[in-house]
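Working through the structure, step by step
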Amino acid sequence: MRPLFIGRFQPVHLGHLSAIEWVLKQDGVDRVIVGIGSSNQSFTFKNPFTAGERIDMLTEVLDSINVKYSVCTIPDTGGLASIWFSYVRNYCPSFDLIYSNDEFTKLALSYWKIPVFNTPLFNKDKLSGTNIRLLMALGKEEWVSLVPEPVREFIERINGVERVRKLAVIEGILKNDA
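Quick look at the structure, then.

Reading the values: the criteria
Residues numbered from 1 in each chain as written. Predicted model: local features only at pLDDT ≥ 70, side-chain atom pairs only at ≥ 80, totals over all residues. Heavy atoms only, no water. Buried < 20%, exposed > 50% of the residue type's maximum accessible area, 1.4 Å probe, protein only. Helix = DSSP H or I, 4+ residues; strand = E, 2+ residues; numbered from the N terminus. Contact = heavy atoms within 4.5 Å. Polar contact = N/O pair within 3.5 Å; in protein donor to acceptor, adjacent residues only side chain to side chain. Pairing = 2+ DSSP bridges.

Before going further, it helps to examine helix 4 (residues 103-110). Of the positions making up helix 4, those classed as buried are Thr 105, Lys 106, Ala 108 and Leu 109. Where helix 4 is buried, its residues meet strand 1 (3-7), helix 3 (81-91), strand 4 (97-99) and strand 5 (116-117). Backbone nitrogen of Phe 104 and a side-chain oxygen of the N-cap are separated by 3.3 Å at the start of helix 4; the cap is Asp 102.

Spelled out as structure tokens, the structure:
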């Protein structure tokens, strides 16, 4: 069985890692395909990291835990579900089923009769990209404990915290003096 696990990974966090490990424990699964959603979105507070940066984060994390995986990128289509499904099929290796907790993903793929399953949500209050980006923007070090070590190192290397903070100011989420 070849599952596709779809997420935005903005940034990759411990909840994503726990969900990927959970998928790999399902019967008949020995490899996971990780689909990076909204791959054509970057440099916004919701999507601060580029597709390439998210590939790097995932690669460093998944290599560090020695699992079999492939990574693909899936661009947004502005809500056009029929086009989006063709992107999923064209941009990703072949798969049998999908894991995602995103409602649009489930709705769009149900139209094509692709089985979509939820993964457990691991500590969702803290382990969400939105929470982690907000902590980063506010300069709170708590975000460090919510991402795998290779992701923390990567974000520090690219000065990602400062990028997230600047994007929060640009978009009016934070005031410039925050």
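Picking up after the structure, the text goes on.
So, about unusual backbone geometry. For the bond running from Gln 10 to Pro 11, omega is 0°, close enough to zero to count as cis. Here Pro 11 is to be found in the loop between strand 1 and helix 1 (14-24). We note that Phe 43 has phi near 60°; this positive angle belongs to a residue other than glycine. Accessibility expressed as a relative area gives 47% for Phe 43, which makes it partly exposed.

Spatial ordering of the open sheet is given by 3-2-1-4-5, a layout of five strands whose pairing is parallel. The two strands at the open ends of the sheet, each matched to only one other strand, are strand 3 (69-74) and strand 5. Pairing analysis gives four bridges linking strand 1 to strand 2 (residues 32-37), with the strands arranged parallel. Its bridge partner being in strand 2, Gly 7 is matched across the sheet by Ile 36.

Our next topic: the pairing of strand 3. Across a regular strand the side chains alternate sides, sitting on one face of the sheet and then on the other. The pairing of strand 2 with strand 3 spans six bridges and is classified as parallel. Counterpart to Gly 37 in the pairing with strand 3 is Ile 74.

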